[in-house]
Amino acid sequence: MIGKGVGMTAHRRQRVAELSTGVGLALLSAALLVASLPSPDIGSLGWVALVPLLLAMQGLRPGQAASLGLLTGVFASFGIYGWLFEVPSFDLRHAVVLALYVGAYPAIWASATAWALRQHIPLIVCAPVFWLLIDYLRAHAGFLALPWGTLAQTQHHNLPLLQAAGVIGEHGVSFLVALGNAALATLCLRQERRLAVTTLLILITVHAWGVTELFSSTSGRSITVTAIQPNIQIGDRTTEAGRDANLTRLERLTREAASSQPDLIVWPESAIPGDLSDPSLISRLQRLSRETGVPLILGAAQVEKFATGDSLLTIGRRAFNTAHLFQPSGSTSPPYRKRMLVPFAEYLPHADVIPWPEWLAPRITELTAGDNGQLFTLAPRISVGTLICWENLFSELARESVNSGAQLLVQLTNDVWFGQTAAPRQHNLMSVMRAVETRTPVVIASNTGPSQVIDGYGRVVVTTSGSFLESTTAGVVALGGGGTVYSRTGDWFVLLT
């Protein structure tokens, strides 16, 4: 009896030790994922971030592996999205809901990988394939889509690797990073060494090909673009005097920028907070473009009145988040209306059928999504596509613009809500991905920064010196030349896998 009790105690201790080790490895993966993104933005850690979790999953049943995956995802969520606490309406309850949702993806991945391992499918095969599928699902989950903080985005400084996005897209780059993690884990486990070495050679080859792409000659015309960073604070928009002061500041910065004769000047999202329907305001903006001699793209609100009803006539109002082009010639174009609205911030998803609790989804002034794309045309024959705020997360919008003829993409954004956090820098990574995927330059005009000019290879040509500072950012980039394999074919790599 004593021997049996001692044996049970030893077994229990072993189980506790194994559990502690597994939890520790899962938390280490979370920490590495957080550290690979801004901030501290150590991208090389992206290549090893999944290794601890993969080691911890060895020999576990799918349910047990899912628990560790969930743990990694939850803690990574708190680290990556911690800046959301800067938003007054966001509290711990919302953070927990977000973390559980975000954590569900690595939990599903870990469970599927553990199942595949029990079917004797090599780790180096199943882990990256399942990561690719989960990565794609996360970006196409309807109003829950959130392709933020991907493995591909950890490699935004790794320009040779990023060139693969022009063929296989952001999801494909995430697959390559997951493949590298799986190869390293396999080497640590001393399994399938030949396959792991072959995989590492493939990754080296991809990097070498990317280097040749970076040194390839750039043909076609170039354009000089200036982004205005006005640093307009939330309180500055609440009074008529404040709004007029903001416009005066924007005009001053624009006239200063125009002295170097750029081809285009871009203002950030919601630079004009009120309804851009006041004739005197429109005249003022047209005069600014005419006097500077530079086309101006700016973000503004737009309210549209419309008649509803059959027997009784009522007047409804629809509000849009829009971008407008003002030309020195005075010619006008229809505005671009933001199509991908931010759920729970700009609209309540399926509010007619889902009774969202007030604490989770406070009532908001809902915007209306635009229903089609809109390119702006500059002289001579330059087409510009627009992305507003988090539309840069979704590759299909950039691809649509480029396939329609856009040679330049402008992103208008306003991340003032998140203060001096990593949020704006994380947000800008998506525009780096969109540039490389379409081989089309992207100009980020951010209210509080950092504003950037990114070329078609993902190189940040110029960026503002800091955030929450008034500045202008001017850069020269080659115009896009018709897109890439990925912009024309989409996520063929995911479907093939």
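In the block above lies the structure referred to throughout.
From a predicted model like this one, the values you see are computed outputs, not experimental measurements. (Residues numbered from 1 in each chain as written. Predicted model: local features only at pLDDT ≥ 70, side-chain atom pairs only at ≥ 80, totals over all residues. Heavy atoms only, no water.)

Student: Can you explain the packing of helix H7 (residues 165–188) against helix H12 (residues 423–438)? Please cite residues and give values.
Tutor: Contact pair H7 / H12: the axes reach a minimum separation of 8 Å and the direction vectors enclose 150 degrees. As judged from the angle between their axes, H7 and H12 are roughly antiparallel. Seen from H7, the contacting residues are Ala165, Gly166, Gly169 and Glu170; seen from H12, they are Met433, Arg434, Val436 and Glu437. A class-by-class count of the residues in the contact of H7 with H12 yields three nonpolar, two polar and three charged. (Axes fitted to C-alpha atoms, helices over the stretch in contact; angles between N-to-C directions. Helix = DSSP H or I, 4+ residues; strand = E, 2+ residues; numbered from the N terminus. Parallel < 35°, antiparallel > 145°, perpendicular 65-115°, else oblique. Contact = heavy atoms within 4.5 Å. Nonpolar A, V, L, I, M, F, W, Y, C, P; charged D, E, K, R; others polar.)

Student: Describe unusual backbone geometry, listing the residues and the values that go with them.
Tutor: Cis geometry is adopted by the peptide bond preceding Pro380, which originates at Ala379 and carries an omega value of -5 degrees. Position of Pro380 relative to the elements: it lies in the loop between strand S7 (376–378) and strand S8 (382–388). In this chain, Gly449 is followed by Pro450 through a cis amide linkage whose omega measures -5 degrees. When you line up the elements, Pro450 lands in the loop between strand S10 (442–446) and strand S11 (452–454). The phi angle at His120 is positive, at roughly 65 degrees, despite the residue not being glycine. With respect to the element layout, His120 can be found in the loop between helix H4 (92–118) and helix H5 (123–139).

Student: Tell me what's going on with the nonpolar core, and back it up with residues and numbers.
Tutor: Tyr81, Trp109, Leu408 and Val410 are the most contacted members of the largest nonpolar core, which has 104 residues in total. By residue number, the principal contributor to this core is H7, which donates 11 residues. In this structure, Leu408 is in contact with Ile223, Val225, Leu264, Ser383, Val384, Gly385, Thr440, Pro441, Val443 and Leu479, ignoring residues within four places of it in sequence. Core analysis: the next-biggest nonpolar cluster, separate from the first, contains 20 residues, Ile232, Ala258, Leu281 and Phe326 among them. (Core = buried A, V, L, I, M, F, W, Y, C linked by side-chain atoms within 4.5 Å. Buried < 20%, exposed > 50% of the residue type's maximum accessible area, 1.4 Å probe, protein only.)

Student: Residue-level account of the pairing of strand S13 (residues 471–478), with values.
Tutor: On S13, burial follows the alternation: Ser471, Thr473, Gly475 and Val477 on one face are buried, whereas Thr472, Ala474, Val476 and Ala478 on the facing-out side are not. Sheet analysis places strand S1 (residues 222–229) next to S13, joined by eight bridges and oriented antiparallel. In the sheet register, Ser222 faces S13, and the bridge partner there is Ala478. (Pairing = 2+ DSSP bridges.)

Student: A description of the pattern of salt bridges should follow, citing residues and the corresponding values.
Tutor: Tallied over the entire structure, the rule returns 14 salt bridges. For Glu251, the salt bridge is made with Arg284, and the minimal N-O distance between the two is 2.8 Å. Taken together, the residues span a long stretch of sequence, with Glu251 in helix H9 (residues 240–258) and Arg284 in helix H10 (residues 279–292) at a distance of 33 residues. Residue Glu251 is classed as buried on the basis of its relative accessible area of 12%. Where Glu400 meets Arg339, a salt bridge forms, and the shortest distance between an N and an O atom there is 3.0 Å. Here the residue Glu400 occupies a position in helix H11 (residues 395–403), and Arg339 occupies one in the loop between strand S6 (336–337) and S7, the gap between them amounting to 61 residues. Residue classification places Glu400 among the partly exposed positions, given a relative accessible area of 34%. Three or more residues joined by partner-sharing salt bridges are found here, namely Arg249, Arg252, Glu256 and Glu470. (Salt bridge = Lys/Arg side-chain N within 4 Å of Asp/Glu carboxyl O.)

Student: Could you give an account of the sheet that holds S11, naming the residues involved and the relevant values?
Tutor: What holds strands together in a sheet is hydrogen bonding between their backbones, with the strands either parallel or antiparallel. Pairing is mixed in the open sheet, where six strands are placed in the order S7-S8-S9-S10-S11-S12. For this open sheet the edge positions go to S7 and strand S12 (460–463), each flanked by a neighbour on one side alone. Here the average twist between neighbouring strands, direction ignored, is 20 degrees. Alignment of strand S9 (residues 408–413) against S10, held across five bridges, turns out to be parallel.

Student: Tell me what's going on with the side chain of Glu437, and back it up with residues and numbers.
Tutor: Looking at the element boundaries, Glu437 is found in helix H12. For Glu437, a relative accessible area of 1% translates into the label buried. One polar contact links Glu437 to Arg434, side chain to side chain, over a distance of 2.9 Å. Once residues within four sequence positions are removed from consideration, Glu437 is found in contact with Ala165, Gly166, Gly169, Glu170, Ser395, Thr484, Tyr486 and Ser487. (Polar contact = N/O pair within 3.5 Å; in protein donor to acceptor, adjacent residues only side chain to side chain.)

Student: Hey, could you go over the pairing of S8 for me, with residue numbers and the actual values?
Tutor: Burial analysis of S8 places seven of its seven residues in the buried class, the great majority of the element. Residues of S8 alternate between two faces, with Ile382, Val384, Thr386 and Ile388 on one and Ser383, Gly385 and Leu387 on the opposite face, all of them buried. Here three bridges tie S7 to S8, and the two strands are oriented antiparallel to one another. Residue pairing for S8: Phe376 is matched across the bridge by Val384. The turn linking S7 back onto S8 is made up of three residues, and Arg381 within it adopts a positive phi angle of 55 degrees. As paired elements, S8 and S9 share five bridges and run parallel to each other. Note on S9: the bridge partner recorded for Val384 is Leu408. In this fold, the crossover linking S8 to S9 by way of H11 has right-handed handedness. (Right-handed = clockwise from strand over helix to strand, strands pointing away.)

Student: Give me the lowdown on the packing of helix H3 (residues 62–80) against H4, citing residues and values where you can.
Tutor: At a minimum axis distance of 6 Å, the contact between H3 and H4 shows a crossing angle of 145 degrees. Like other packed secondary-structure pairs, H3 and H4 cross with a definite hand, here right-handed. Looking at the contact of H3 with H4 residue by residue, the classes come out as 19 nonpolar, five polar and one charged. (Left-handed = near helix turned anticlockwise from the far one by under 90°.)

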